[in-house]
Amino acid sequence: MPPETQPEQPRKYAAPRGTSDLLPEDWPYWRYIRDTGERVCELFGYRRIETPLFEDAGVFLRTAGAGTDVVEKEAYIFEDRGGDRLALRPEGTAAVMRAYIEHGMSSQPQPVRLYYIAPNFRYDRPQAGRYRQHTQLGVEAVGEAEPLIDAEVIDLQATFYRRLGLRGVTLKVNTIGDAACRPAYIEALRAYYRPRLDAVCADDRMRFEKNPLRLLDCKEERCQPAIAGAPRLRDYLCDPCRLHFERLLAYLAALSIVHTVDERLVRGLDYYTRSVWEFHPAEEGAQSSIGSGGRYDGLVELLGGAPTPGVGFGSGIERLILNLKRQEAAVPPALAPALYIAHLTPEAAIEALRLAGAVRAAGAEAIVGPEGRSLKAQLRHANAHRARYVAILGAREIASGEVTLRDLEDHSERRLPLMDLAGAVAPHA
RNA sequence: GUGGGCGUAGCCUAGCGGUUAAGGCGCCAGGUUGUGGCCCUGGAGAUCGAGGGUUCAAAUCCCUCCGUCCACCCCA
């Protein structure tokens, strides 16, 4: 006998914390950004790739490295029913490199130019511009080590923002060295901070252990003196890194890409090497970066592939929308239907469905009024839908095989044969 | 993970201890018999985020939780 179940009160569900529904009102922004992004990427010869929303957790755990919040504290990791340990994608690059290796892309002409628009998941505390699910446009150029490609990727990103019409976007660039020179610098930085740990903030003491490069980025007033006297990475760069950066800056200058060198700029993910950069919007908030990138020459190797250089960026779509709205940027508006078909009798309703099909086949949007509403209600409805035309089907029209076509813009009205309707409202090619 | 602000119908807001929670937008209907956008009238729609407590009495005070926003942190 089944246990007596209590009548459950229906619970109201909401989207999970830090996630949101993309509603029709916001779609024009999304479509604009996606279309623009896709076009710019294709103009630069980049090809679309999409990887699964989840991966073997190792793809991210092995690559991002210890001490990075994105993976260590923020990854959604779970076991599936088969016992596999999986992770919702917290960032795009490692997943794309996994695909690069898996599909033998190293045998394609190098560099392999790839882009994607895909959601990422991070268990953060949400605030404006920071969500547990956010979408990034990502670009990766894999298999080329020279700085010309770094400049190309930055150029692509700058072009993307320019085409979106974002004003006041600024670019900061830096180099963080590589495996040859960065360890010595980290050591020097730690040696410098070790006797000063009592004078700096608690966060810095944590950074000292986990992510020493971030010490340079601390905003605490009391930590500024320490930062000012700290050893500089540029004094520790190996010759290849120094040269790479100098050449990158020269290319950027040649392209007239306005930028500033910010020696405090570092990356949260450990696999970055040499070039790093960030784009910031005109109006800075707490979540200021709208897109950031860098070189990751060691990443493919970390995933078991042959040593392969790479460079790329990710840009947050939600933050771009935030800034487009702040700037009240014009985006292409949502399409309004060309035709609304009002019907007044059961026979007319059937004819309305047929007519709608014919109109759509001719390439114009058509929506059919709901059943049982007055003509006045349907006209109001059509107006609310911002339809251009209303076709009226009542007993009179059915009897004569005609339709009344009303133009909601100039208020004119005429009768025409049913079969002429599609041609009258469809865009003329 | 830390600190702070805020949570009243789909949306915006009033009410801030005392009878049936008010208004605007939106939605639906009507303003005669087949005609929109403005206007007028009516209607539906709220366990006042959830749970607990204080009080004769709570949307109004207190606590906890949840959500949201802001700052830190981190990052797109």
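This text gives an overview of the structure that appears in the document.

What counts, and at which threshold
- Residues numbered from 1 in each chain as written.
- Chains lettered and ligands numbered in written order.
- Predicted model: local features only at pLDDT ≥ 70, side-chain atom pairs only at ≥ 80, totals over all residues.
- Heavy atoms only, no water.
- Helix = DSSP H or I, 4+ residues; strand = E, 2+ residues; numbered from the N terminus.
- Buried < 20%, exposed > 50% of the residue type's maximum accessible area, 1.4 Å probe, protein only.
- Areas by Shrake-Rupley, 256 points an atom, 1.4 Å probe, with all protein chains shown as cover.
- Lys, Arg positive; Asp, Glu negative; His and termini not counted.
- Charge placed at Lys NZ, Arg CZ, Asp CG, Glu CD.
- Contact = heavy atoms within 4.5 Å.
- Near = heavy atom within 4 Å.
- Polar contact = N/O pair within 3.5 Å; in protein donor to acceptor, adjacent residues only side chain to side chain.
- Nonpolar A, V, L, I, M, F, W, Y, C, P; charged D, E, K, R; others polar.
- Expected span 1.5 Å × (residues − 1).
- Arc of directions from axis to C-beta.
- Salt bridge = Lys/Arg side-chain N within 4 Å of Asp/Glu carboxyl O.
- Pairing = 2+ DSSP bridges.
- Axes fitted to C-alpha atoms, helices over the stretch in contact; angles between N-to-C directions.

### Section: the overall build of chain A
At step 1: Scanning chain A from terminus to terminus reveals 15 helices and 16 strands.
At step 2: Viewed in the frame of its principal axes, chain A has a C-alpha envelope of about 95 × 75 × 50 Å.
At step 3: A burial count over chain A gives 48% of its 429 residues as buried.
At step 4: A total accessible area of about 22,400 Å² is found for chain A, and carbon and sulfur atoms account for 52% of it.
At step 5: In chain A, which carries 55 positive and 59 negative side-chain charges, the distance between the mean positions of the two groups comes to 3 Å.

### Considering the environment of valine 40
At step 1: With respect to the helices and strands, the residue valine 40 is situated in helix H1 (residues 27-43).
At step 2: The exposure class of valine 40 is buried, given its relative accessible area of 1%.
At step 3: Here the alpha-carbon distance between valine 40 and threonine 159, two residues 119 residues apart in the chain, equals 7.2 Å.
At step 4: Apart from residues no more than four positions distant in its own chain, valine 40 is found in contact with Leu156, Thr159, Phe160 and Arg163.

### Quick word on the protein's contact with RNA strand B
At step 1: Taken together, 47 residues lie near RNA strand B, and Ala128, Arg214, Ile392, Arg396 and His411 sit nearest.
At step 2: Atoms of RNA strand B within 4 Å of the protein belong to the sugar or the phosphate in 49% of instances, the rest to bases.
At step 3: One of the backbone nitrogen or oxygen atoms of isoleucine 290 is found 3.4 Å away from a sugar or linking oxygen of RNA strand B.
At step 4: In this structure, a base nitrogen belonging to RNA strand B sits 3.0 Å away from a side-chain N or O atom of asparagine 383.
At step 5: Elements that contribute at least two residues to the surface near RNA strand B include exactly helix H3 (69-72), strand E6 (133-142), helix H7 (202-210), strand E10 (291-295), strand E11 (310-316), helix H13 (375-384) and helix H14 (395-400).
At step 6: Class assignment for the residues of the surface near RNA strand B results in 11 nonpolar, 16 polar and 20 charged.

### Re helix H9 (residues 239-254)
At step 1: End to end, H9 covers 22 Å across 16 residues, agreeing with the expected 22 Å (1.5 Å per residue, within 8%).
At step 2: Buried residues of H9: Cys241, His244, Phe245, Leu248 and Leu252, and no others. Taken down its axis, H9 places every buried residue within 95° of arc, on the same side. Of the exposed residues in H9, the ones pointing more than 90 degrees away from its buried face are Asp239, Ala253 and Ala254.
At step 3: Lining the buried residues of H9 we find helix H5 (147-164), strand E7 (170-175), strand E8 (260-261), strand E9 (273-280) and E10.
At step 4: Directly beyond the C-terminal end of H9, a positive phi value near 60° is found at serine 256.

### A look at the pattern of salt bridges
At step 1: Tallying each qualifying case throughout the model produces 23 salt bridges.
At step 2: Where aspartate 178 meets arginine 274, a salt bridge forms, and the shortest distance between an N and an O atom there is 3.3 Å. Linking aspartate 178 in the loop between E7 and helix H6 (182-193) with arginine 274 in strand E9, this pair joins segments that are 96 residues apart in sequence. Each member of the pair, aspartate 178 as well as arginine 274, carries the same accessibility label: buried.
At step 3: Here arginine 267 ties to glutamate 278 by a salt bridge, and the two come within 2.7 Å at their closest N and O atoms. With arginine 267 in the loop between E8 and E9 and glutamate 278 in strand E9, this residue pair connects regions lying 11 residues apart in the sequence. Of the two residues, arginine 267 and glutamate 278, neither departs from the other in class, the shared state being buried.
At step 4: Several salt bridges share partner residues, and in doing so they unite Glu38, Arg48 and Glu50 into one network.

### Thoughts on the pairing of E6
At step 1: Burial analysis of E6 places 9 of its 10 residues in the buried class, which makes it a mostly covered element.
At step 2: Where strand E5 (residues 112-121) meets E6, 10 bridges bridge the pair, whose relative direction is antiparallel. Across the sheet, asparagine 120 pairs through a bridge with histidine 134, a residue of E6.
At step 3: With 7 bridges joining them, E6 and E11 adopt antiparallel strand pairing. Looking at the pairing, glutamate 140 lines up with glycine 312 of E11.

### Some words on the pairing of strand E4 (residues 85-88)
At step 1: In terms of strand pairing, strand E2 (residues 54-56) meets E4 through 3 bridges, oriented antiparallel. Bridge pairing in E4 links aspartate 56 to leucine 86.
At step 2: In terms of strand pairing, strand E3 (residues 77-79) meets E4 through 3 bridges, oriented antiparallel. Paired with glutamate 79 across the bridge in E4 is arginine 85.
At step 3: Between E3 and E4, which pair antiparallel in sequence order, lie 5 residues; one of them, glycine 83, sits at a positive phi of approximately 90°.

### Some words on the sheet that holds E2
Whether parallel or antiparallel, the strands of a sheet pair through hydrogen bonds between backbone atoms.
At step 1: In spatial order, the strands read E2-E4-E3; together these 3 strands make up an open sheet with antiparallel pairing. Taken across any chain shown, the strands that pair with only one partner, and hence form the sheet edges, are E2 and E3. Pairs of neighbouring strands in the sheet enclose a mean axial angle of 35°, with direction left out of account.
At step 2: Across the sheet, helix H2 (residues 57-64) touches E2, E3 and E4, and the angle it forms with E2 is around 75°.

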